[in-house]
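# Observations on the three-dimensional arrangement
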Amino acid sequence: STDNIKEILQPYIENGIVDYMICPGKTAQMLAYNDALQSFKFDCKYMAFIDIDEFILPKNNKSIIEVVNEVFALNPNIAGLAMNWHIFGSSDQENADFSKGVLQRFLHRAENNFFRNENVKTIANPRYIYIIANPHFVLYYDGKFSANENGEHVPLNLNES
């Protein structure tokens, strides 16, 4: 980021809510994900591997933790919940209106059958993760896997169900 993000986050850093790390380069996302995994895998029950412009919203009236706990209870080898992406477009905006937040500006998403919506993001038990191979694919130790909300095994980075 080339903006003043550290200054914006400074109060949260000082209060111990945010850990700030500089990851130079264009493909720093994987460095950041894997650093977070190694640094905090024993400090939390679950970790969500999402980007700052991604949001998690359960389809039902349950909390995220309730949904994750329910899926993990379906099979002792489930170590991650694979959540499908839903790609939002420009909502026919020619120019960005920065007076509004992204949730107010981007209201239209691609249809369910849009091919990129098959990609997943993951909430996982970090103690079972070997490595995060790419932003959409987590490698687990033997026998563990990611599952969709129905408890079905999600191979690699795609959930086509």
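First things first, this report covers the structure right here in the doc. Everything numeric in this text was worked out from a predicted model, so none of it was measured.

Cut-offs and rules
Residues numbered from 1 in each chain as written. Predicted model: local features only at pLDDT ≥ 70, side-chain atom pairs only at ≥ 80, totals over all residues. Heavy atoms only, no water. Buried < 20%, exposed > 50% of the residue type's maximum accessible area, 1.4 Å probe, protein only. Helix = DSSP H or I, 4+ residues; strand = E, 2+ residues; numbered from the N terminus. Pairing = 2+ DSSP bridges. Polar contact = N/O pair within 3.5 Å; in protein donor to acceptor, adjacent residues only side chain to side chain. Contact = heavy atoms within 4.5 Å.

### Let's talk about the pairing of strand β3 (residues 120–124)
A large share of β3 lies buried, amounting to five of its five residues. The alternating pattern of β3 places V120, T122 and A124 and K121 and I123 on opposite faces, both of which are buried. Sheet topology places strand β1 (residues 47–49) next to β3; three bridges connect them, and they run antiparallel. Looking at β3, one finds that F49 is bridged to T122. Of the pairings in the sheet, the one linking strand β2 (residues 78–84) to β3 comprises five bridges and is antiparallel in character. Bridge pairing in β3 links G80 to A124.

### Points about the side chain of E54
Looking at where E54 falls in the secondary structure, it is placed in the loop between β1 and α3 (64–72). Of the residues examined, E54 reaches a relative accessible area of 15% and is grouped as buried. Polar side-chain contacts of E54 include one of 2.7 Å to the backbone nitrogen of D51. A distance of 3.0 Å separates the side chain of E54 from the side chain of W85, its partner in a polar contact. When residues no more than four places from it in sequence are discounted, the contact partners of E54 are W85 and K121.

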